[in-house]
2 protein chains.
Amino acid sequence: MKLYGYWRSTTSYRVRIALNLKQVDHTHVSVNLVAGEQGSAAYRSINPGRGVPTLVLDDGRILTQSMAILDWLEETHPTPALLPSDPYERAQVRAAALTIATDIHPVNNLRVIGRLKAMGHSQDEAVVWMNDWMTQGLAAFAALIRPDTPFCFGDAPCLADICLVPQLYNAHRWGADLSALARLTEIEARCLELPAFAAARPEAQVDAT
Amino acid sequence: MKLYGYWRSTTSYRVRIALNLKQVDHTHVSVNLVAGEQGSAAYRSINPGRGVPTLVLDDGRILTQSMAILDWLEETHPTPALLPSDPYERAQVRAAALTIATDIHPVNNLRVIGRLKAMGHSQDEAVVWMNDWMTQGLAAFAALIRPDTPFCFGDAPCLADICLVPQLYNAHRWGADLSALARLTEIEARCLELPAFAAARPEAQVDAT
């Protein structure tokens, strides 16, 4: 399968981690968001929302939206499991993951920041905007995970860790104040020691500049 | 179980529809977002993200994040099904639903609009902001659903319809131009003929003003 993504895209990063954890063979196709490649007619034909990532299966079938791709991966490649088997525990993991996927990432997306700038805001104002949503959202995330496990919810990384590590990449990038969130940066360090996470890092991608 | 929500909250509206479709007994507890009740210490103790909805089960267990609640409902109350059984088809439905849940709703959330106003923008500018994200995101949604079924993906409403109808409520509220999206408003009309959707409408809630 082919993963269309961008090195710095945190949603692409999520799917890269999951593909690596589940040892699913795939090739990367770079979509340069800064150059606007997501708006090309060719890309829009596979992803009408002009977002990354897009996963194209060997038979040509197309999957979009990172959280839907992650669910599909979990259902079709169940080992190692990214979600617990108990419905209530699954919902706890999903709620934490969605705190990042719905409350943090979308408001800091490249297109939203571009829109703020088109409305007259400076880069400095955009960075304050991003960091405020990140510190607020990550504090909520920290309150939703377990307090004392090696990873967010247990002894192995799950969907919440897969969403956390890319979001923290972005938090570091923009200098968000994570001093009150040591539990999260400790989990991040533990994740990045794993080859599946390390190989998925933005800096490790072929389109990194 | 108790559903903490707000009549105009589109995420609360999603869960109300699903509870009604699955005929799950529940009581509503109003959290007045405009009055800031989501920031109270009592509410933050059950929902650290200060969002609605929150579903509190009879044994006191707590579920947050509407999309996680909907997955939990689907897993614990499978009839009628809100997702197809085939993993690829499930991913298609999820991708459409997430286009609303991640690309549209979060950027138009009350707290984001409040932030824009705190940054000096007028109500008129906020409305343009909301409507632009809605028309752009709903066009992507329309490209992801089936072209010729009574509901988004078949003969019965699914997770995509459950996300669509509340988002269209918001689109109508702010006067978004839906003239190019007749397929969506036709599906909306079909949904609202069903008692489960009609009873979940914001106007039908006890806290509606």
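Keep in mind that what you see is a predicted model, and the values were worked out from it rather than measured.

Before going further, it helps to spend a moment on the domain arrangement of chain A. Residue and element names in this part refer to chain A. Partitioning chain A into domains gives domain 1 (2-80) and domain 2 (87-196). Averaged C-alpha coordinates put domain 1 and domain 2 at centres separated by 20 Å. The partner domain 2 presents 19 residues to the 16 residues of domain 1 that form the contact. For the pair domain 1 and domain 2, the summed buried surface comes to about 1600 Å²; carbon and sulfur atoms form 66% of the total.

Listed by partner, the interface residues are 42 residues for chain A and 42 residues for chain B. Summed over both partners, the interface of chain A with chain B buries about 3800 Å², with 64% contributed by carbon and sulfur atoms. When the buried area of chain A at its contact with chain B is split by residue, A:Gln65, A:Tyr88 and A:Arg115 rank highest and sum to 16% of it. Linking chain A to chain B there are ten salt bridges. Across the pair A:Asp71 and B:Arg94 runs a salt bridge whose closest N-O atoms are separated by 3.6 Å. Here chain A is connected to chain B by 15 residue pairs in polar contact (both at pLDDT 80 or more). No other element matches the twelve residues that helix H4 (residues 87-104) of chain A contributes to the side of chain A that touches chain B. For the side of chain A that touches chain B, the per-class residue count stands at 24 nonpolar, nine polar and nine charged.

Glancing now at the nonpolar core. Ranked by internal contacts, the top residues of the largest apolar core, which has 150 residues, are A:Trp129, A:Leu138, B:Trp129 and B:Leu138. Discounting residues that sit within four places of it in the chain, B:Trp129 has contacts with A:Val112, A:Arg115, A:Leu116, A:Met119, A:Trp129, B:Val107, B:Asn108, B:Val112, B:Ile113 and B:Leu116.

For the rest of this paragraph, the subject is helix H1 (residues 10-21) of chain A. Since the α-helix turns once every 3.6 residues, residues separated by three or four places project in the same direction. Residue and element names in this part refer to chain A. With twelve residues, H1 extends 17 Å from end C-alpha to end C-alpha; this agrees with the ideal 16 Å at 1.5 Å per step. The element H1 is extensively covered by neighbouring structure, given that eleven of its twelve residues are classed as buried. Turning to H1, its buried residues number three or more, namely Thr10, Thr11, Ser12, Tyr13, Arg14, Val15, Arg16, Ile17, Ala18, Leu19 and Leu21. Gln23 sits one or two residues past H1 and shows a positive phi near 50°.

Attention shifts here to the relation of the copies chain A and chain B. Rotating chain A by 180° and translating it 0.0 Å along the rotation axis places it on chain B, where the RMSD comes to 0.0 Å. Taken together, these values place the two copies in the relation of a two-fold axis. A share of 100% of the interface residues of chain A reappears at the interface of chain B, consistent with the copies meeting face to face through the same patch.

This next bit is on the pattern of salt bridges. Here the structure, examined in full by the defined rule, presents 18 salt bridges over all chains. Taking the shortest distance from any N to any O, the salt bridge between A:Arg61 and A:Asp59 comes out at 3.0 Å. Looking at A:Asp59, the relative accessible area reads 52%, which means it is exposed. With a shortest N-O distance of 3.0 Å, B:Glu75 and A:Arg90 are connected by a salt bridge. Taken together, the positions of B:Glu75 in helix H3 (residues 66-76) and A:Arg90 in helix H4 put the pair across two chains. Of the residues examined, B:Glu75 reaches a relative accessible area of 29% and is grouped as partly exposed. Under the relative-accessibility criterion, A:Arg90 is labelled buried at 19%. Sharing partners across several salt bridges, the network here consists of A:Asp71, A:Glu75, A:Arg90, A:Arg94, B:Asp71, B:Glu75, B:Arg90 and B:Arg94.

Here we come to the packing of H1(A) against helix H3 (residues 66-76) of chain A. Residue and element names in this part refer to chain A. Close contact between H1 and H3 brings their axes to 9 Å; oriented N to C, the two are set at 10°. Judged on the interaxial angle alone, H3 and H1 are roughly parallel. Residues Thr11, Arg14, Val15, Ala18 and Leu19 of H1 touch H3, and the partners they reach there are Ser66, Met67, Ile69, Leu70 and Leu73.

A few words on the sheet that holds strand S1 (residues 2-5) of chain A. Residue and element names in this part refer to chain A. As summarised here, the arrangement of the four strands in space is S2-S1-S3-S4, forming an open sheet in which the pairing is mixed. Of all the strands in the sheet, just strand S2 (27-30) and strand S4 (62-64) have a single pairing partner and so form its edges. If you compare each strand with its neighbour and ignore which way they point, the axes differ by 20° on average. One ladder, built from three bridges, connects strand S3 (residues 54-56) with S4; its direction is antiparallel. Counterpart to Thr54 in the pairing with S4 is Thr64.

Moving on, we come to the packing of aromatic side chains. By the definition in use, this model includes nine aromatic pairs over all chains. Note on A:Tyr4 and A:Tyr43: the rings are 6.2 Å apart at their centroids and 45° apart in plane angle, and the pair reads as tilted. Of this pair, A:Tyr4 sits in strand S1 while A:Tyr43 sits in helix H2 (residues 41-46), and the two are 39 residues apart along the sequence. Neither A:Tyr4 nor A:Tyr43 differs from the other in exposure class; each is buried. Three or more aromatic residues link up through ring pairs in this structure, and these residues are A:Trp129, A:Trp133, B:Trp129 and B:Trp133. It is A:Arg61 that lies over the ring of B:Tyr88; its NZ or CZ is 4.5 Å from the centre.

On to empty space enclosed by the protein. With the rule as written, the count across this model stands at two cavities of 30 Å³ or more. Looking at the largest cavity, its volume works out to about 120 Å³. For the lining of the largest cavity, the secondary structure elements donating two or more residues are H3 and H4 of chain A together with H3 and helix H4 (87-104) of chain B. When residues of the lining of the largest cavity are assigned to their parent elements, the largest contribution, three residues, is made by H4(A). Taken together, A:Pro106, A:Asn109, A:Arg111, A:Val112, B:Thr102, B:Asp103, B:Val107 and B:Trp133 make up the lining of the second largest cavity. When residues of the lining of the second largest cavity are traced back to their parent elements, those giving at least two are helix H5 (110-118) of chain A together with H4 of chain B. Grouping the constituent residues of the lining of the second largest cavity by class yields four nonpolar, two polar and two charged.

Each value, and the rule that gives it
- Residues numbered from 1 in each chain as written.
- Chains lettered and ligands numbered in written order.
- Predicted model: local features only at pLDDT ≥ 70, side-chain atom pairs only at ≥ 80, totals over all residues.
- Heavy atoms only, no water.
- Domains from an automatic or database assignment.
- Contact = heavy atoms within 4.5 Å.
- Buried area = accessible area lost by both parts, 1.4 Å probe.
- Salt bridge = Lys/Arg side-chain N within 4 Å of Asp/Glu carboxyl O.
- Polar contact = N/O pair within 3.5 Å; in protein donor to acceptor, adjacent residues only side chain to side chain.
- Helix = DSSP H or I, 4+ residues; strand = E, 2+ residues; numbered from the N terminus.
- Nonpolar A, V, L, I, M, F, W, Y, C, P; charged D, E, K, R; others polar.
- Core = buried A, V, L, I, M, F, W, Y, C linked by side-chain atoms within 4.5 Å.
- Buried < 20%, exposed > 50% of the residue type's maximum accessible area, 1.4 Å probe, protein only.
- Expected span 1.5 Å × (residues − 1).
- Least-squares fit on C-alpha atoms with pLDDT ≥ 70 in both.
- Axes fitted to C-alpha atoms, helices over the stretch in contact; angles between N-to-C directions.
- Parallel < 35°, antiparallel > 145°, perpendicular 65-115°, else oblique.
- Pairing = 2+ DSSP bridges.
- Phe/Tyr/Trp six-rings, centres within 6.5 Å; stacked < 30°, edge-to-face > 60°.
- Lys NZ or Arg CZ within 6 Å of the ring centre and 35° of its normal.
- 1 Å grid on protein atoms, 1.4 Å probe; cavity = no way out; pocket = protein on both sides within 12 Å on 5 of 7 lines; lining within 4 Å.
- Points joined across faces, edges and corners; volume = space filled by probe spheres on them.

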